[in-house]
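Spelled out, the chains give:
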Amino acid sequence: METVSIARSQIDAIVAHARAGAPDEVCGVVAVREGEVVRVMPTRNAAATPRNRFEIDSRDLMRVVEVEREGHDVGFYHSHPVSVAYPSATDIGFAELWPGALQLMVSLRQDVPGGTGPEFHAYRIVPPQVNVVPLVIDESR
Amino acid sequence: MSVKVYIPTPFRALTGGQSRVETEAGDVKGLLGDLEARFPGMRDRLRDEQGVLHQFINVYVNSEEISALDGEATALKGGDDVSIIPAVAGGSAFTIEEVKRYSRHFLLQDVGPSGQRKLKNARVLLIGAGGLGSPAGLYLAAAGVGTLGLIDFDVVDHSNLQRQVLHFTDRVGDLKVESAKQTIGMLNPNVKVEAHNAILDSSNAFELFREYDYVLNGVDNFPARYLANDAAVLLGKTLIDGGINQFEGQVTVYKPGHGCYRCLYPAPPPPGAVPSCAEAGVLGVLPGIVGSMQALETIKQILGIGDPLVGRLLLFDALSMEFRTLKLRRDKGCPVCGDHPTITELIDYHEFCGAPIPAELADQRDRVAVH
Ligand SMILES: [Zn+2]
Ligand SMILES: [Zn+2]
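Summary of the structure given here. Small disclaimer: the values here were computed from a predicted structure and weren't measured.

Helix and strand counts for chain A come out as 3 helices and 9 strands. Helices and strands appear in chain A in the N-to-C order β-α-β-β-β-α-β-α-β-β-β-β. Looking at chain A as a whole, 48% of its 141 residues qualify as buried. Surface summary for chain A: the accessible area is close to 6,400 Å², and the carbon and sulfur share equals 51%.

The strand order across the open sheet formed by 5 strands is S2-S1-S5-S3-S4 (chain B), and the pairing between neighbours is mixed. Because the sheet does not close on itself, it has two edges, and the strands there are strand S2 (20-24) and strand S4 (64-65) of chain B. Running at roughly 110° to strand S5 (residues 81-86) of chain B, helix H2 (residues 62-69) of chain A makes contact with strand S1 (2-6), S2, strand S3 (57-61) and S5 of chain B of the sheet. With respect to the sheet, helix H1 (residues 28-38) of chain B is in contact with S1, S2, S3 and S5 of chain B, its orientation differing from that of S2(B) by roughly 120°.

With that out of the way, let us pick up the pattern of salt bridges. Residues and elements named next belong to chain A. Inspection of every chain in the model, using the stated rule, returns 27 salt bridges over all chains. Between Arg109 and Glu119 there is a salt bridge whose closest N-O contact spans 3.1 Å. Highlighted residues: Arg109 in the loop between strand S6 (102-107) and strand S7 (119-126) and Glu119 in strand S7, separated in sequence by 10 residues. Residue Glu119 is classed as buried on the basis of its relative accessible area of 18%.

A separate point is the pairing of strand S9 (residues 192-197) of chain B. All names here are of chain B. Here strand S8 (residues 147-152) pairs with S9 via 6 bridges, running parallel. Each residue of the ladder has a partner; that of Asp152, found in S9, is Asn197. Read as a crossover between parallel neighbours, the route from S8 over helix H7 (residues 176-187) to S9 is right-handed.

Once that is clear, we can look at the coordination of the zinc ion (ligand 1). Residues and elements named next belong to chain A. Looking at the zinc ion (ligand 1), one finds its protein donor set to be His78 (NE2), His80 (NE2), Asp91 (OD) and Asp91 (OD), positioned 1.9 to 2.5 Å from the metal centre. Look at where the donors of the zinc ion (ligand 1) fall in the sequence and you get H-x1-H-x10-D. Of the two residues, His78 and His80, both sit in the buried class.

With 27 residues of chain A at the interface, the matching set in chain B holds 28 residues. For the pair chain A and chain B, the two sides together bury roughly 2,400 Å², of which 62% comes from carbon and sulfur. The interface formed by chain A and chain B contains 1 salt bridge. The residue Arg12(B) makes a salt bridge to Glu68(A) at a minimum N-O spacing of 2.4 Å. Between chain A and chain B we count 11 residue pairs in polar contact (both at pLDDT 80 or more) in total. Its residues assigned to classes, the side of chain A that touches chain B comprises 14 nonpolar, 6 polar and 7 charged. Sheet analysis places strand S4 (residues 53-55) of chain A next to strand S6 (residues 89-91) of chain B, joined by 3 bridges and oriented antiparallel. Opposite Phe54(A), over in S6(B), you have Gly90(B) as the bridge partner.

A separate point is the environment of Met105(A). Residue and element names in this part refer to chain A. Examined against the element boundaries, Met105 turns out to sit in strand S6. Relative accessible area serves as the criterion here: at 1%, Met105 is assigned to the buried category. The spacing of Met105 and Ser79 is 26 residues in sequence and 5.7 Å in space, taken between C-alpha atoms. Not counting the four nearest positions on each side in its chain, Met105 is found in contact with His78, His80, Val84, Ala85, Tyr86, Pro87, Asp91, Glu119, Phe120, His121 and Tyr123.

All right, on to the packing of aromatic side chains then. According to the stated counting rule, one finds 6 aromatic pairs over all chains in the structure shown. Between Tyr86(A) and Tyr123(A), the aromatic rings sit 5.4 Å apart at their centres with planes inclined by 85°, giving edge-to-face as the arrangement. Here Tyr86(A) is found in the loop between strand S5 (73-80) and helix H3 (89-94), whereas its partner Tyr123(A) is found in strand S7, with 37 residues between them in sequence. Between Tyr261(B) and Tyr265(B), the aromatic rings sit 4.7 Å apart at their centres with planes inclined by 45°, giving tilted as the arrangement. Note on accessibility: Tyr261(B) and Tyr265(B) belong to one class, buried. By the ring-pair criterion, three or more aromatic residues cluster together here, those being Phe222(B), Tyr226(B), Tyr261(B) and Tyr265(B). Its guanidinium or amino end placed over the ring of Tyr212(B), Arg123(B) lies 4.8 Å from that ring's centre, counting from NZ or CZ. The residue whose ring lies beneath Arg225(B) is Tyr261(B), and the NZ or CZ to ring-centre distance is 5.7 Å.

Parameters and conventions
Along each chain, the written sequence defines residue order, and numbers are assigned to residues from 1. Chain letters start at A and ligand numbers start at 1, both assigned in the order the entries are written. Reporting of local features is limited, given that this is a predicted model, to residues whose pLDDT is at least 70; pairs of side-chain atoms are given and counted only at 80 or more, and all residues count toward the totals for whole chains, interfaces and linings. Excluded from the side-chain calculation are hydrogens and water; included are all heavy atoms of the structure. Here a helix means four or more residues in a row that DSSP labels H or I, a strand means two or more in a row labelled E, and each is numbered from the N terminus. Between buried and exposed lies partly exposed: a residue is buried under 20% and exposed over 50% of the maximum accessible area for its type, with that area taken using a 1.4 Å probe on protein chains only. Where accessible areas are quoted, they stem from the Shrake-Rupley method and a 1.4 Å probe; at the residue level, only the protein chains shown are allowed to cover. Strand pairing requires that DSSP identify at least two bridges connecting the strands. The contact definition used throughout considers only heavy atoms, calling two residues in contact when any of these lie within 4.5 Å. Interaxial angle, 0 to 180 degrees, is taken between N-to-C directions of lines fitted to C-alpha atoms, where a helix line uses only the stretch in contact. The working definition used for a salt bridge is a side-chain nitrogen of Lys or Arg within 4 Å of a carboxyl oxygen of Asp or Glu. Note on handedness: a clockwise path from strand one over the helix to strand two, with the strands aimed away from the viewer, defines a right-handed crossover. Shown as donors are all N, O and S atoms within 2.8 Å of a metal ion, widened to 3.2 Å for Na, K and Ca; because water is not in the atom set, sites may appear incomplete. Two parts lose some accessible area (1.4 Å probe) when they are put together, and adding that loss for both gives the buried area. A 3.5 Å cut-off defines polar contacts: any pair of N or O atoms within that distance qualifies, except that in protein one atom must be a possible hydrogen donor and the other a possible acceptor, and neighbouring residues in sequence count only when both atoms are side-chain atoms. Residues are grouped as follows: nonpolar covers Ala, Val, Leu, Ile, Met, Phe, Trp, Tyr, Cys and Pro; charged covers Asp, Glu, Lys and Arg; every other residue, Gly included, is treated as polar. Only the six-membered ring of Trp is used, alongside the rings of Phe and Tyr, when aromatic pairs are assigned; centres must lie within 6.5 Å, and planes under 30 degrees apart are stacked while those over 60 apart are edge-to-face, with the rest tilted. Geometrically, a charge over a ring is one whose NZ (Lys) or CZ (Arg) sits within 6 Å of the ring centre while staying within 35 degrees of the ring normal.

Structure follows, in structure tokens:
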């Protein structure tokens, strides 16, 4: 079964981006090399209603080409400020444009005083199928 | 004069796995045309049926988006780099505001986020923004029904304010649908209100009903009541029916195949046989109770929970504070929903009012136990 490894510092960077952007959703591009997240790049959210939508700003989309030019696979991340870290119907619908790409998701619903903290999960979505990708967290990086 | 084109991962199944292709083209339009010609299936990925570039496809020339250049007319020269990149987008079902607003629904096992999504996706038509439509519209909007259609042709009158709680004193003289839209917008801005300032008649009923999942009947006159019933039966729509008369109210849900209004009252009474709406009078709070029950039944239909008021007519007597339930059955001889229907198109009756209970039902009412 496929797993993807990610550094603790990369998770921290994505969580920090999500917290800074809340209550809006935030989004970004990640580079993946042989099952390992090697780069995290925050992008702007150009959605008209960013409270519950995201759309990577087209001005930032050339990141995708950069990643692939470097020989890496392209993946994405986005946040759910209030709902679970699981793809919504909208997420699954839009995944049709990038079927099978690695999708990292962070939820802040438990990131409150007394809560259990941010939730972080990874998926590969081939609509309508949502496949969970177990993450192996490298605490040393 | 060759131009390099970056093909995004999702399109590589079309290019035999190639991530870069070369093309000779003088502009972006020519380049896309070349790709469409060389790679079957590419056209559908790039353009809609009208040939317009999909809004979720971004094209860049040397890292500059073509919408910031000359669009598809953007000129190309040898050595240019063109990239085609599909949008990356998504979203979650609810905003923080919605999560807070509907938190009491989220706590219910039978509603929860998935039920709330059903409510959000539901489209309900309210016939009449008056006594029944007011409480029904307010409660459906408060509960988060995503789209409410309202049809009414009237303007707000001082005499409405005693019971039609969608309207306020300073709206006297305004169109009821506009006043209702304003009030609902203040209560829950997440609700989309579609205002139809019109009289429901045979010319518009089908067209209107087709647009909605459920129809909540809040009419106060016979022509509209028969029209709404027949249109709902003929289109197979569930009609959440309500009626009031002085101190009495009634509610039922007419679901296709389970009987209809004409099973009870095959034809309207002759004009003049019943008092006019204006003469009849109605106790102010009564429509609030009946319209709220209609809203409740509508929500149960949307969520698919509980026992709906299908095949049952609920009668409410405001003076004795008694509820009685009568069993309703589809009449095989019903002119519209029976085995051999004689009514297959809509009929416009002339204006008259009132809601008599037929003798056999009045008898039955005395015999049926209170539920
Ligand atoms: Zn999402
Ligand atoms: Zn019938």
